[in-house]
Amino acid sequence: MPSGRSMQHIGLGRDLHRLVPGRRFLLAGVELPNEKGELGHSDADVLAHAVIDALLGAAGIGDIGELFPDTEPAFKDTASMPLLRKAFERVKSHGWRVVNLDCVVTCETPKLLPYRETIRAALADALETDAVMVKGKTNEGLDAIGKGDAVEALAICLLEKL
Ligand SMILES: [Zn+2]
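I will try to describe carefully the structure that is included in this document. (Residues numbered from 1 in each chain as written. Predicted model: local features only at pLDDT ≥ 70, side-chain atom pairs only at ≥ 80, totals over all residues. Heavy atoms only, no water.)

### What to know about the pairing of strand S5 (residues 96-106)
Line of reasoning, step 1. Across ten bridges, the pairing between S5 and strand S7 (residues 150-161) is antiparallel. Counterpart to Thr 106 in the pairing with S7 is Glu 152. (Pairing = 2+ DSSP bridges. Helix = DSSP H or I, 4+ residues; strand = E, 2+ residues; numbered from the N terminus.)

Written out as structure tokens, the structure is:
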């Protein structure tokens, strides 16, 4: 690599959680009011998990299951945003910074729009860049997501190393 040139790597993350009554609905640590919330070993924050995998994938240093195994009792009901910050510390220690992050969250309810900027800002703060986008979609009543029984998140992230 010629000196002075930067290297860029892209990473993709995807996650899905079931939605059940009696659980919180969290996106990047932001709680949205909804009849159902995400089921999982940790707090099941679907967006935080997808972003962690996008970061780790771009840096080429494994995945969320390796870093934070869901068989580990310490991660039971644990908040996922501190895990995202930990993953980002790991990514930074390899010399990377985030160029930008783009995300899509698909669920039938709740509507993301009123919370979108808060969610976006939470991710921007954690990743030390303002170049973050979050979009909300529905599945038009089709499949488990469309029936309100699941939520899916996709994240794509570009990293740069000088
Ligand atoms: Zn997850």
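### Focus: the coordination of the zinc ion
Line of reasoning, step 1. Around the zinc ion, the protein supplies Asp 15 (OD), His 17 (NE2) and His 49 (ND1) as donor atoms, at distances of 2.0 Å.
Line of reasoning, step 2. Counting gaps between the donor residues of the zinc ion yields the pattern D-x1-H-x31-H. Taken together, the residues span a long stretch of sequence, with Asp 15 in strand S1 (residues 7-21) and His 49 in helix H1 (residues 46-59) at a distance of 34 residues.
Line of reasoning, step 3. You can call His 49 buried: its relative accessible area is 10%. (Donors = N, O, S within 2.8 Å, 3.2 Å for Na, K, Ca; no water. Buried < 20%, exposed > 50% of the residue type's maximum accessible area, 1.4 Å probe, protein only.)

### Things to note about the pattern of salt bridges
Line of reasoning, step 1. Evaluated as defined, the whole model comprises twelve salt bridges.
Line of reasoning, step 2. A salt bridge links Glu 152 to Arg 14, with the nearest nitrogen and oxygen atoms 3.1 Å apart. A residue pair is termed long-range when its members are at least 10 positions apart, and Glu 152 in strand S7 and Arg 14 in strand S1 qualify at 138 residues.
Line of reasoning, step 3. By relative accessible area, which is 46% here, Arg 14 ends up partly exposed.
Line of reasoning, step 4. Residue Arg 120 is joined to Glu 117 by a salt bridge in which the shortest nitrogen-to-oxygen separation is 2.9 Å. Remark: Glu 117 and Arg 120 occur in helix H4 (residues 116-127); sequence separation between them is three residues, near one turn of the helix.
Line of reasoning, step 5. Judged by its relative accessible area of 14%, Arg 120 is buried.
Line of reasoning, step 6. Classification of Glu 117 by relative accessible area gives partly exposed; the value is 47%.
Line of reasoning, step 7. A single salt-bridge network, built from bridges that share partners, covers Arg 23, Lys 76 and Asp 77. (Salt bridge = Lys/Arg side-chain N within 4 Å of Asp/Glu carboxyl O.)

### Describing the packing of aromatic side chains
Line of reasoning, step 1. Under the defined criterion, the tally for this structure stands at one aromatic pair.
Line of reasoning, step 2. Taking 5.5 Å as the distance between ring centres and 85° as the angle between the ring planes, the aromatic pair formed by Phe 68 and Phe 75 counts as edge-to-face. By the burial criterion, Phe 68 is buried, and Phe 75 matches it. (Phe/Tyr/Trp six-rings, centres within 6.5 Å; stacked < 30°, edge-to-face > 60°.)

### A few points about the sheet that holds strand S6 (residues 132-137)
Line of reasoning, step 1. Overall, mixed pairing links the five strands, which are arranged S4-S1-S7-S5-S6 in an open sheet. Whereas interior strands pair on both sides, the edge strands pair on one side only; in this sheet they are strand S4 (36-38) and S6. For this sheet, the mean angle separating the axes of adjacent strands, direction not counted, is 20°.
Line of reasoning, step 2. As paired strands, S1 and S4 are joined by three bridges and run antiparallel to one another. Directly across from Val 20, in S4, lies its bridge partner Gly 37.
Line of reasoning, step 3. Running over the sheet, H4 touches S5 and S6 and is turned about 145° from S6. (Axes fitted to C-alpha atoms, helices over the stretch in contact; angles between N-to-C directions. Contact = heavy atoms within 4.5 Å.)

### Concerning H4
Line of reasoning, step 1. With twelve residues, H4 extends 17 Å between its outermost C-alpha atoms, agreeing within 8% with the 16 Å of an ideal straight helix rising 1.5 Å per residue.
Line of reasoning, step 2. Among the residues of H4, Ile 119, Arg 120, Ala 122, Leu 123, Ala 124, Ala 126 and Leu 127 are the ones counted as buried.
Line of reasoning, step 3. Looking at the buried residues of H4, the elements they touch are strand S2 (25-27), strand S3 (30-32), H1, helix H3 (80-93), S5 and S6.
Line of reasoning, step 4. The positive-phi residue at the C-terminal boundary of H4 is Glu 128, with phi of around 60°. (Expected span 1.5 Å × (residues − 1).)

### A word on H3
Line of reasoning, step 1. With 14 residues, H3 extends 20 Å from end C-alpha to end C-alpha; this agrees with the ideal 20 Å at 1.5 Å per step.
Line of reasoning, step 2. For H3, the full list of buried residues reads Ser 80, Met 81, Leu 83, Leu 84, Ala 87, Phe 88 and Val 91. Looking down the long axis of H3, one finds its buried residues gathered within 150° of arc, a one-sided arrangement. Exposed residues pointing more than 90 degrees away from the buried face of H3 are listed as Lys 86 and Ser 93.
Line of reasoning, step 3. Packing partners of the buried residues in H3 comprise H1, helix H2 (64-67), S5, H4 and S7.
Line of reasoning, step 4. Count one or two residues on from H3 and you reach Gly 95, which has phi positive near 95°. (Arc of directions from axis to C-beta.)

It is worth stressing that arrangement in space is one thing and function is another; only the former is reported here.
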